[in-house]
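Residues per chain are reported as follows:
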Amino acid sequence: MPSLVLTRVVPGTDPVALELVDAMVAELASLYGGRTADETPTATPTELSLPGGGFVLVEVDGAPVAGGGVKRLADDTGEIKRMYVVPGARGTGHARVLLGALEELARALGYTRVRLDTGPQQPAAQHLYETAGYTSIPNYNENAYASYWGEKAL
């Protein structure tokens, strides 16, 4: 029987969202070393909640396999933050599903464009963004981890 894949929007304060973000932060620490919070732009649980943001969960047969958030950058611009796919679910298309759902959420929040970034140790993420229509832009957020910044009109 095929697996049931669902997406749902929750506040960034949701316990499952917090668990996924914690796992993402731990993975980034292993990839990039001991960076401090003041070296990266914020994406607090409150920023990833209404009214200016939200968090998308991707679930397979009821189990969370991916998550990520949208936060407000400007009246017309949202930022996609904290995208993460659990290791056992990678390579299955869930990141693309998540990215599409985050773009839908950004549209629903009234944004006409979205921005995002990724680091040099995450070439698959950069490839995903480029093949999803993101164009490279200059550094807009001073993220010390990032080497790629992208933007897409919605």
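These remarks concern the structure in this document. (Residues numbered from 1 in each chain as written. Predicted model: local features only at pLDDT ≥ 70, side-chain atom pairs only at ≥ 80, totals over all residues. Heavy atoms only, no water.)

In terms of helices and strands, the protein carries three helices and seven strands. Along the protein, helices and strands appear, N-terminal first, in the series β-α-β-β-β-α-β-α-β-β. Each principal axis of the C-alpha atoms in the protein carries an extent, and together these give about 45 × 35 × 30 Å. Looking at the protein residue by residue over its 154 residues, the buried ones come to 45%. A fraction of 66% describes how many contacts in the protein between residues 6 or more apart in sequence connect residues 24 or more apart. Accessible surface, the protein as shown: approximately 7,800 Å² in total, 56% of it carbon and sulfur. Averaging the locations of the 12 positively and 18 negatively charged side chains of the protein gives two centres separated by 4 Å. (Helix = DSSP H or I, 4+ residues; strand = E, 2+ residues; numbered from the N terminus. Buried < 20%, exposed > 50% of the residue type's maximum accessible area, 1.4 Å probe, protein only. Contact = heavy atoms within 4.5 Å. Areas by Shrake-Rupley, 256 points an atom, 1.4 Å probe, with all protein chains shown as cover. Lys, Arg positive; Asp, Glu negative; His and termini not counted. Charge placed at Lys NZ, Arg CZ, Asp CG, Glu CD.)

Time to look at the packing of aromatic side chains. Throughout the structure, instances matching the rule amount to two aromatic pairs. When the ring of tyrosine 32 is compared with that of tyrosine 145, the centres are 5.2 Å apart and the planes differ by 65°; the resulting orientation is edge-to-face. Of the two residues, tyrosine 32 sits in helix α1 (residues 15–32) while tyrosine 145 sits in the loop between β6 (135–136) and β7 (148–153), which places them 113 residues apart along the sequence. With relative accessibility at 15%, the residue tyrosine 145 sits in the buried group. Sitting over the ring of tyrosine 140, arginine 115 keeps its end group 5.2 Å from the ring centre. (Phe/Tyr/Trp six-rings, centres within 6.5 Å; stacked < 30°, edge-to-face > 60°. Lys NZ or Arg CZ within 6 Å of the ring centre and 35° of its normal.)

Okay, the nonpolar core next. Formed by 25 residues in total, the largest nonpolar core has its most connected members in Ile80, Met83, Leu99, Tyr129 and Tyr134. Only β2 (54–60), β3 (63–74), β4 (77–85), α2 (94–108), β5 (113–118) and α3 (123–131) provide two or more residues apiece to this core. Counting residues per element, this core draws most heavily on α2, at six residues. Excluding its chain neighbours within four sequence positions, the residues that come into contact with methionine 83 are Met24, Gly67, Gly68, Ala95, Leu98, Leu99, Leu102, Leu128 and Tyr129. Core analysis: the next-biggest nonpolar cluster, separate from the first, contains 13 residues, Tyr32, Leu48, Leu57 and Tyr84 among them. (Core = buried A, V, L, I, M, F, W, Y, C linked by side-chain atoms within 4.5 Å.)

In this structure, the largest pocket encloses a volume near 1,100 Å³. For the largest pocket, the lining is made up of 50 residues, of which Met24, Leu28, Met83, Tyr84 and Gln122 are closest to its centre. Elements supplying a minimum of two residues to the lining of the largest pocket: α1, β4, α2, β5 and α3. A per-element tally of the lining of the largest pocket places α1 first, with 10 residues. Its residues assigned to classes, the lining of the largest pocket shows 27 nonpolar, 15 polar and eight charged. (1 Å grid on protein atoms, 1.4 Å probe; cavity = no way out; pocket = protein on both sides within 12 Å on 5 of 7 lines; lining within 4 Å. Points joined across faces, edges and corners; volume = space filled by probe spheres on them. Nonpolar A, V, L, I, M, F, W, Y, C, P; charged D, E, K, R; others polar.)

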